[in-house]
Amino acid sequence: MATALLKAPVDEQTEHGYAARIDHVSKSFGRQGEQQLVLDDISLDVAPGEFVTLLGASGCGKSTLLNLVAGLDRPSAGSIHVPGGRAALMFQEHALFPWLTAGKNIELALKMRGLPKGERRAEAERLLELVRLQGAHGKRVHELSGGMRQRVALARALAQDSQLLLMDEPFAALDAITRDVLHEELTRIWRETDVSVLFVTHNVREAVRLAQRVVLLSSRPGRIAREWRVDIPQPRRIEDAAVAQLSVEITEELRGEIRRHGQH
Amino acid sequence: MANTETTGSARERHRTGRDTADSGAPGPVNGPGGPGGNGGSDGNGQAASDLAGLEAGLDALDSKSAARTSLGRVLLTKVLPPVVAIALVLLLWQLAFALELKEDYQLPSPLQVGSAIGDLWLKGTLLEVIWTSVSRGLLGFGIAIVIGTPLGLLVGKVWFVRAAIGPILTGLQSLPSVAWVPAAIIWFGLSDAMIYTVILLGAVPSIANGLVSGLDQVPPLYRRAGRVIGATGLAGVRHVLLPASLPGYLAGLKQGWAFAWRSLMAAEIIARSPDLGAGLGQLLENGRGNQDMAMVLSAILLILIVGIAIDLLVFAPLERRVLRSRGLLVSR
């Protein structure tokens, strides 16, 4: 671990060939004897610069898996390796600190990353500009709209300068128009930076709209059921015929997974 | 509606053209930027500025403008109601006096009480008496903050300490601090130490409990967000836990002040000695000793006014500032 911290994250990624390696990971909750298996033997690599969506119905443990990758919880079995240390995580709720301004929220992440005091302000401005919120540095969180808050949250996640960005249904609470715009923004930012994204959602079209690879999890316990490469060129739109076509296919598969649970 | 749809499909064709990098058919005009289907960087640039414009529009539509209320409105909504209430109370009081519901020495008129306060002012003792009490109260409260804050942090963060003294701390809050006066007199005699002991026993539990409930109410999401960005351990306490629990802590401070002030008055009424400077409590007790009801009522009024003034001048603005900056203030 000590050597891992000394090296630049990008070098390490190329060395390892992945931005995250989930290796035979299982997770159960509850006391001994009456344990509930939530994740069952998940193995998944996210390549450097890759955009992967994890798709599944409720109870598939997708948020649990993300928490494990983020280091907020430990797997019961198996191992998770994120070269370069800590992954950035974005929640469904913006999770910005209301006692700080938008800019100061980002600066706190920069401070925790160890960026010297003198450079934080400029770096925060640069990140705000990246999410097209220049001039919002002094804004209070409650003064921002839902979409703006998620963009500040994205900027804060990017401020961690991690090579892996984990996103836990970050747009689920937004209205359709705003969500659509944020899809475009996220795609643009992902292409401008060399960040790898592991994006959790239960929205099939969103998964297809964004990802290079869609991984479908089955429910109770969560297992990898199937995965699809998405070769539709970016920029895509959620209304694109190709997106719709693949979405129908994946939805059928997802419904099949869900149906199995009604049979016993 | 139909209009929107047309724009939608035009945009789609425009996109499809760019995706396949094939600018075969001349696309429909898409916005003021020029013909679509140009392909290459031109189309990308336009899409980017389209998106930026769309986003700016969404932001503008969603943003709330915070209008500050005018002075006239503040006077009308904040000042007028209490003034009316006070006038009504004075009116009823005067009425009770005029109807002679009680003997004069038992119920003086508002004017007599006012002139009693005026006499104190003319004798030059009014401010001195008030200051004696207020300085004791503030100093005691300050010490209570210094003791209560780390105590609250300890109870809030360390489970063993919470299990050990948490219930006692909560119980102490319901013990009237006047109950400590006899004990404090036996320990310290009629001295300042006795007065401060009573203040501390009244205020410290409130302050500590306020911080504990503030810490308990920190949303788990903030803790997780803090951990994700690397604010763990002491940094987590300083940058996440403490600021997040500030509203509860402030409520505790406010209650702590009320308890400190009450305890002080209890102590001053009971403990009178030439060695102790005369505060408002002693003024009250002197009034009773001299059967001077105007003096007694003056003292009660002054105690009330000081309590309200500290709340209005110190705690109310502080609380408003914290709540407003977090968007927690519901403005009507």
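Residues numbered from 1 in each chain as written. Chains lettered and ligands numbered in written order. Predicted model: local features only at pLDDT ≥ 70, side-chain atom pairs only at ≥ 80, totals over all residues.

Things to note about the overall build of chain B
Here is the rule: Only DSSP runs of H or I covering at least 4 residues are called helices, and only runs of E covering at least 2 are called strands; the numbering of each starts at the N terminus. Here exposure depends only on C-beta density: within 10 Å of a residue's C-beta, 20 or more other C-beta atoms make it buried, 12 or fewer make it exposed, and intermediate numbers make it partly exposed, the C-beta atoms being placed from the backbone.
Assigned secondary structure in chain B consists of 13 helices and zero strands. Taken from N to C terminus, the helices and strands of chain B fall in the order α-α-α-α-α-α-α-α-α-α-α-α-α. For chain B, the residues scored as buried account for 28% of the 332 residues in total.

Brief notes about the overall build of chain A
To keep it simple, the criterion reads: We take the radius of gyration over the C-alpha atoms and set the globule estimate at 2.2 Å times the residue count to the 0.38 power. Residues are treated as contacting if the C-beta atoms built from their backbones sit within 7 Å of each other.
Helices and strands together make up the secondary structure of chain A, namely nine helices and nine strands. The globule rule puts the C-alpha radius of gyration for 264 residues at 18 Å, and the 19 Å found for chain A is close to it. Its C-alpha atoms give chain A principal-axis dimensions of about 60 × 45 × 35 Å. Counting all 264 residues of chain A, 47% fall into the buried class. Considering only contacts within chain A whose residues lie at least 6 apart along the sequence, 72% involve residues at least 24 apart.

What to know about the domain arrangement of chain A
Residue and element names in this part refer to chain A. Operational definition: Domain start and end points were adopted from an automatic or database domain assignment. Charged means Asp, Glu, Lys or Arg here, nonpolar means Ala, Val, Leu, Ile, Met, Phe, Trp, Tyr, Cys or Pro, and polar covers whatever is left, Gly included.
Along its sequence, chain A is organised into domain 1 (2-87 + 163-262) and domain 2 (96-161). Centre-to-centre separation of domain 1 and domain 2, based on C-alpha positions: 25 Å. Among the elements that make up the side of domain 1 that touches domain 2, the one with the highest residue count is helix α7 (residues 176-192) (five residues). The class makeup of the residues in the side of domain 1 that touches domain 2 is eight nonpolar, one polar and two charged.

Re the UniProt feature "domain: ABC transmembrane type-1" (unreviewed entry) in chain B
Put simply, the test is: UniProt positions are given in the numbering used here, feature names are shortened, and annotations may be inferred rather than shown by experiment.
Per the UniProt record, "domain: ABC transmembrane type-1" (unreviewed entry) is annotated on residues 130-314 of chain B. Between the C-alpha atoms that bound residues 130-314 of chain B there is a distance of 17 Å. The span itself is 84% helix and 0% strand.

Overview of the sheet that holds strand β7 (residues 196-201) of chain A
Residues and elements named next belong to chain A. Where we set the bar: Pairing between strands is defined by DSSP: at least two bridges between the two strands are required. Here the axes come from fitting lines to C-alpha atoms, over the contacting stretch only for helices, and the angles between their N-to-C directions go from 0 to 180 degrees.
The six strands lie next to each other as β5-β6-β7-β3-β8-β9, forming an open sheet whose pairing is mixed. In this open sheet, the two strands that pair with only one neighbour each are β5 (88-90) and β9 (223-229). Each adjacent strand pair in this sheet contributes to an overall mean axis angle of 20 degrees, direction not counted. Here strand β8 (residues 213-218) pairs with β9 via six bridges, running antiparallel. The partner of L217 across the bridge, within β9, is I224.

Things to note about the packing of helix α9 (residues 220-228) of chain B against helix α10 (residues 233-244) of chain B
All names here are of chain B. Here is the rule we go by: Throughout this description, any angle smaller than 35 degrees is read as roughly parallel, any larger than 145 degrees as roughly antiparallel, any in the 65 to 115 degree range as roughly perpendicular, and the remainder as oblique. Each helix crossing is assigned a hand: it is left-handed if the near helix lies turned anticlockwise from the far helix by less than a right angle, otherwise right-handed if that turn is clockwise.
Relative to each other, α9 and α10 sit at 160 degrees, their axes nearing to 10 Å. On the basis of their axis angle, the class for α9 and α10 is roughly antiparallel. When the axes of α9 and α10 are compared, the crossing they make is right-handed. Contact residues: α9 offers Y222, R223 and G226, while α10 offers G236, H239, V240 and A244. Residues belonging to the contact of α9 with α10 are distributed by class as follows: three nonpolar, three polar and one charged.

What to know about the environment of A:I106
All names here are of chain A. Tracing the chain through its elements places I106 in helix α4 (residues 102-113). The spacing of I106 and L128 is 22 residues in sequence and 8.7 Å in space, taken between C-alpha atoms. Contact partners of I106, with chain neighbours within four places excluded, come to A124, L127, L128, A155, R156 and A159.

Describing the UniProt feature "transmembrane region" (unreviewed entry) in chain B
All names here are of chain B. When the UniProt feature table is mapped to this numbering, "transmembrane region" (unreviewed entry) covers residues 79-99, 137-156, 168-188, 194-215, 227-246 and 293-316. Helix makes up 100% of residues 137-156 and strand 0%, with an end-to-end C-alpha separation of 27 Å. The span residues 194-215 carries 100% helix and 0% strand; its end-to-end C-alpha distance comes to 32 Å.

Things to note about the environment of A:L198
All names here are of chain A. Tracing the backbone shows L198 in strand β7. As for L198 and R213, which are separated by 15 residues in sequence, their C-alpha atoms are 9.9 Å apart. Those residues within four positions of L198 in sequence are excluded, and the remaining contacts are A20, V46, V52, L54, L66, V69, L164 and L166.

Points about the packing of α4(A) against helix α6 (residues 146-159) of chain A
Residues and elements named next belong to chain A. The contact between α4 and α6 brings their axes to 8 Å, and the two run at 15 degrees. Relative to α6, α4 is oriented roughly parallel. Handedness of the α4/α6 crossing: right-handed. Mapping the contact onto sequence places A102, N105, I106, A109, L110 and R113 in α4 and V152, A155, R156 and A159 in α6. Per-class residue counts for the contact of α4 with α6 are seven nonpolar, one polar and two charged.

Examining the sheet that holds strand β4 (residues 77-81) of chain A
All names here are of chain A. Strand order across the open sheet formed by three strands is β2-β1-β4, with antiparallel pairing between neighbours. Unpaired on one side and paired on the other, β2 (36-46) and β4 mark the two borders of the sheet. Ignoring strand direction, the axes of neighbouring strands in this sheet form an average angle of 20 degrees. When strand β1 (residues 20-29) meets β2, the two strands line up antiparallel, connected through seven bridges. Each bridged residue has a counterpart across the sheet, and for V25 the counterpart in β2 is I42.

A short note on the pairing of β8(A)
Residue and element names in this part refer to chain A. Counting buried positions over the six residues of β8 gives five, a clear majority of the element. In the sheet, strand β3 (residues 51-55) pairs with β8 via four bridges, with the strands oriented parallel. Across the sheet, V52 pairs through a bridge with R213, a residue of β8. Between β8 and β9, which pair antiparallel and follow one another directly, the connecting turn spans four residues, one of which, R220, has a positive phi of 45 degrees.

Topic: the interface of chain B and chain A
Facing the 30 residues of chain B at the interface are 32 residues of chain A. If you list the elements that add at least two residues to the side of chain B that touches chain A, you get α1 (2-19), α2 (40-62), α9 and α10 of chain B. At eight residues, α2(B) tops the list of elements feeding residues into the side of chain B that touches chain A. Tallied by class, the residues present in the side of chain B that touches chain A amount to 15 nonpolar, five polar and ten charged.

Here we look at helix α12 (residues 280-289) of chain B
Residue and element names in this part refer to chain B. Listed as buried for α12 are L280, G281, Q282, L283 and L284. On its buried face, α12 is in contact with α5 (126-157), α11 (246-270) and α13 (293-325). Phi turns positive, to about 55 degrees, at Q291, one or two residues after α12.

Here's the deal with the domain arrangement of chain B
Considered domain by domain, chain B is made up of domain 1 (71-101) and domain 2 (109-325). Placing a centre on the C-alpha atoms of domain 1 of chain B and another on those of domain 2 of chain B gives a separation of 28 Å.

Observations concerning α4(A)
Because each turn of an α-helix spans 3.6 residues, side chains separated by three or four positions in sequence point in the same direction. All names here are of chain A. Under the convention used in this document: Expected helix span is given by 1.5 Å per residue-to-residue step, counting one fewer step than there are residues.
Between its first and last C-alpha atoms α4 spans 17 Å; for twelve residues at 1.5 Å apiece the expected length is 16 Å, and the two agree. Here α4 lies mainly inside the structure; nine of its twelve residues are buried. Of the residues flanking the end of α4, it is G114, one or two places downstream, whose phi is positive at about 100 degrees.

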